[in-house]
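Survey of secondary and tertiary structure
Residues per chain are reported as follows:
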Amino acid sequence: MEEISAGGVVIRNDKVCLLKKFRGDWVLPKGRNEEGETMEETALREVLEESGLDAEIERYLGYVKYWYRHHNGKKVLKTVHYYYMSTLKDQMPYPQKEEGFCVAQFMDFNRALRLITHNSEGNMIKNAIRFHNKGTV
């Protein structure tokens, strides 16, 4: 079984938006691609749904692939495409409890890299930091 998702590394004022799940994992906003959507549309929709942020894409950052076990017991190969995004200065993220999140906040890059649960998402944050600081990935 295969699953395709997209999400964003949302940057504002040298800070990145992370979400905390009820079980304690710190993650980037992301979710499944719906039929008829481009990856960019999926990423923007998922960022809005999970963090409440109306963001805009500045560039593609890359993708990660990993296996996980679905609740039905089947192994799933998941590919997640990530985009560097920016948002308006006055927008504040808020956790979408119905999406499984209890905290949504912008934090400095070092703190985000310490807290992020999955190394692959940490690598996407590092790619975003390089682009943010130098204009290239």
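This report concerns the structure included in the present document. (Residues numbered from 1 in each chain as written. Predicted model: local features only at pLDDT ≥ 70, side-chain atom pairs only at ≥ 80, totals over all residues. Heavy atoms only, no water.)

1. Digging into the pairing of strand β5 (residues 55-69)
Stated formally: DSSP calls a pair of strands paired once it identifies at least 2 bridges connecting them. Going along the chain from the N terminus, every DSSP run of H or I of four or more residues is numbered as a helix, and every run of E of two or more is numbered as a strand.
Judged from the 13 bridges that link them, β5 and strand β6 (residues 75-87) form a sheet pairing that is antiparallel. The residue of β6 that forms the bridge with I57 is M85. Here β5 folds back onto β6 in antiparallel fashion, the turn holding 5 residues, of which G73 has a positive phi close to 95°.

2. So, the pattern of salt bridges
Heads up, the rule is: A pairing counts as a salt bridge when a side-chain nitrogen of Lys or Arg comes within 4 Å of a carboxyl oxygen of Asp or Glu. Exposure is judged per residue with a 1.4 Å probe applied to protein chains only, and the accessible area is read against the type maximum: over 50% gives exposed, under 20% gives buried, and values in between give partly exposed.
Using the criterion set out here, one finds 8 salt bridges in the structure. Here K78 makes a salt bridge to E3, at a shortest N to O gap of 3.3 Å. Placement of the pair is K78 in strand β6 and E3 in strand β1 (residues 2-12), with a sequence separation of 75 residues. We classify E3 as buried; its relative accessible area is 9%.

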